[in-house]
Every structure is written in C-alpha cells, then in structure tokens.
Amino acid sequence: MAKRTLILNGSPRPKGNTVFLIEELKKHLEGEVVELSAFRSKIAPCVDCRGCWTTAKCVVKDEMQVIYSDDFDNIVVASPIYFSTVPGPLLGVFSRMQPWHAATFFLKQPLVQRPKKSAVILTAGSKGNSANSYHHLRAFFRMNNAFGFEDHVVCSPNTDTVPSWEDQEAIAAVAELAKWLNEEEVSHE
C-alpha cells in the first residue's frame, strides 16, 4: 500500500531555507505527499468558540479538514525558528487540534487515530535555539497519534551565513529521514 505523507510548511518564504529542505525530502519520499502551508492555507486559528466541547468536531470548515481526515502514515513539520519557536501561523494550525483535545479531556471519549510517524525539519539563523519549539511540536504530534519526531529532527542552523542549500549535513540528514519515513513499521518510539 502506498504511503501518504503530510508536510506542514511553517515558512512564509516560498524560496527560502525551509522550502529547499522540503523539496529535498520530497525527492526521496515514496507515495503521495500533501503539503499545507501555514502561511498560505486557509486555516484559521482556534477562536475558543467551544463548539467542540460537545461534539469533538470543529465548527470551522477550512483546509484543516485535511489534517482532521487522519488519512496519513507520516506527518512532517518543516519550519523556521522565530523567537525560539515555530512561527505564529503554524501555532495557529496547532491550536486547531482543540476538538481532539476536547474529546480526550472534556468528553472523556478519546478519538482513535491511526498511528503515524512524525518528523521535523527546522531551519534557523544563528544558533536557532530550536529546543523551545519541542513543547508545541510534541503536543501537536501527540494529538495526531504520531510518534518518533524527537529522534527524527533535521536542523539547519546558521542559515543567516550558510543557507540550507549549502548545508551538506542537513541535506544528507533529510535523505536519511525520508528512508525512515518510507519504512513500513510505525511504532510508539
């Protein structure tokens, strides 16, 4: 069966460092790849309307339905680091996991999502300090029943002086990441 991979692109720059590494990843991925841009998609952030508190479904119908479909084998978040975390529009996408949170914690009826692999590609100027972004990434992946990202992070730091397309270590790491995503087994690592 062909794999399906969702890539969430957290970069506003259509030809920047993050997009370069996304394109490198796509070269090596098997199966279908769906990419959603946090900056260009029509995904609104959660506005705490609380509709999901009784239905475990979001009342807003937008491109978030792609994520809600729970129809992926892999989820990859690729993003620059801004102020020690992922950019606001990507955090807005993460906030839309509130219906699944409501199902688990308010309605006490956790949804059963298929298990998925998760991975992260981060780009950062200077030192990047990407560790602060892990809190948000961990919560997003947990709600999606996606595991493995902490052992599968590719980071291209210092992009203000060495762009990702010159970062041979990151390019090689993205190819290795694709190999792991293409493997059959999904485990709770």
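What you are looking at is a predicted structure, and each value in this text was computed from that prediction instead of being measured. (Residues numbered from 1 in each chain as written. Predicted model: local features only at pLDDT ≥ 70, side-chain atom pairs only at ≥ 80, totals over all residues. Heavy atoms only, no water.)

Draft legend 1. Just a nonpolar patch on the surface, in detail. Side chains of F39, Y82 and F83 sit close together on the surface and give an oily, nonpolar patch of about 370 Å² of accessible area. Given the relative accessible area of 84%, F83 is considered exposed. (Patch = residues over 30% accessible without salt bridge, like charges linked within 9 Å, V, L, I, M, F, W, Y side chains within 5 Å. Areas by Shrake-Rupley, 256 points an atom, 1.4 Å probe, with all protein chains shown as cover. Salt bridge = Lys/Arg side-chain N within 4 Å of Asp/Glu carboxyl O. Buried < 20%, exposed > 50% of the residue type's maximum accessible area, 1.4 Å probe, protein only.)

Draft legend 2. Spotlight on the packing of helix 1 (residues 17-28) against helix 7 (residues 168-182). Contact geometry of helix 1 with helix 7 gives a least axis separation of 8 Å together with a crossing angle of 45°. In terms of axis orientation, helix 1 runs oblique to helix 7. Crossing of helix 1 against helix 7: the hand is right-handed. In this structure, helix 1 contributes F20, L21, E24, L25 and H28 to the contact, and helix 7 contributes A170, I171, V174, A175, L177, A178, L181 and N182. The residue inventory of the contact of helix 1 with helix 7, partitioned by class, reads 10 nonpolar, two polar and one charged. (Axes fitted to C-alpha atoms, helices over the stretch in contact; angles between N-to-C directions. Helix = DSSP H or I, 4+ residues; strand = E, 2+ residues; numbered from the N terminus. Parallel < 35°, antiparallel > 145°, perpendicular 65-115°, else oblique. Left-handed = near helix turned anticlockwise from the far one by under 90°. Contact = heavy atoms within 4.5 Å. Nonpolar A, V, L, I, M, F, W, Y, C, P; charged D, E, K, R; others polar.)

Draft legend 3. The environment of L21, seen in detail. With respect to the helices, strands and loops of the structure, L21 is situated in helix 1. Taking the relative accessible area as the measure of exposure, L21 reaches 0% and is therefore buried. Residues L21 and L90 lie 69 residues apart in sequence; the distance between their C-alpha atoms is 17 Å. Setting aside its immediate chain neighbours within four residues, L21 contacts I121, T123, S156, S164, A170, I171 and V174.

Draft legend 4. Here's a closer look at helix 4 (residues 88-95). Within the span of helix 4, buried status applies to L90, G92, V93 and F94. Residues of helix 4 that are buried make contact with strand 1 (4-9), helix 3 (65-68), strand 3 (74-80) and helix 6 (134-143).

Draft legend 5. Structural context of the packing of aromatic side chains. Tallied over the full model, the rule gives seven aromatic pairs. Residues F20 and W165 carry aromatic rings whose centres are separated by 6.1 Å and whose planes lie at 75° to one another, so their mutual orientation is edge-to-face. Here F20 is found in helix 1, whereas its partner W165 is found in the loop between strand 6 (153-156) and helix 7, with 145 residues between them in sequence. Classification of W165 as partly exposed rests on a relative accessible area of 40%. With centroids separated by 5.5 Å and ring planes inclined at 70°, the aromatic side chains of Y134 and F149 adopt a geometry described as edge-to-face. Placement of Y134 in helix 6 and of F149 in the loop between strand 5 (146-147) and strand 6 is noted, with a sequence separation of 15 residues between them. Across this residue pair, the class does not change: Y134 and F149 are buried. Put simply, the rings of F94, Y134, F140, F141 and F149 pair up and form one aromatic cluster. Directly above the aromatic system of W180 lies the positively charged group of K117, at a separation of 4.8 Å from the ring centroid. (Phe/Tyr/Trp six-rings, centres within 6.5 Å; stacked < 30°, edge-to-face > 60°. Lys NZ or Arg CZ within 6 Å of the ring centre and 35° of its normal.)

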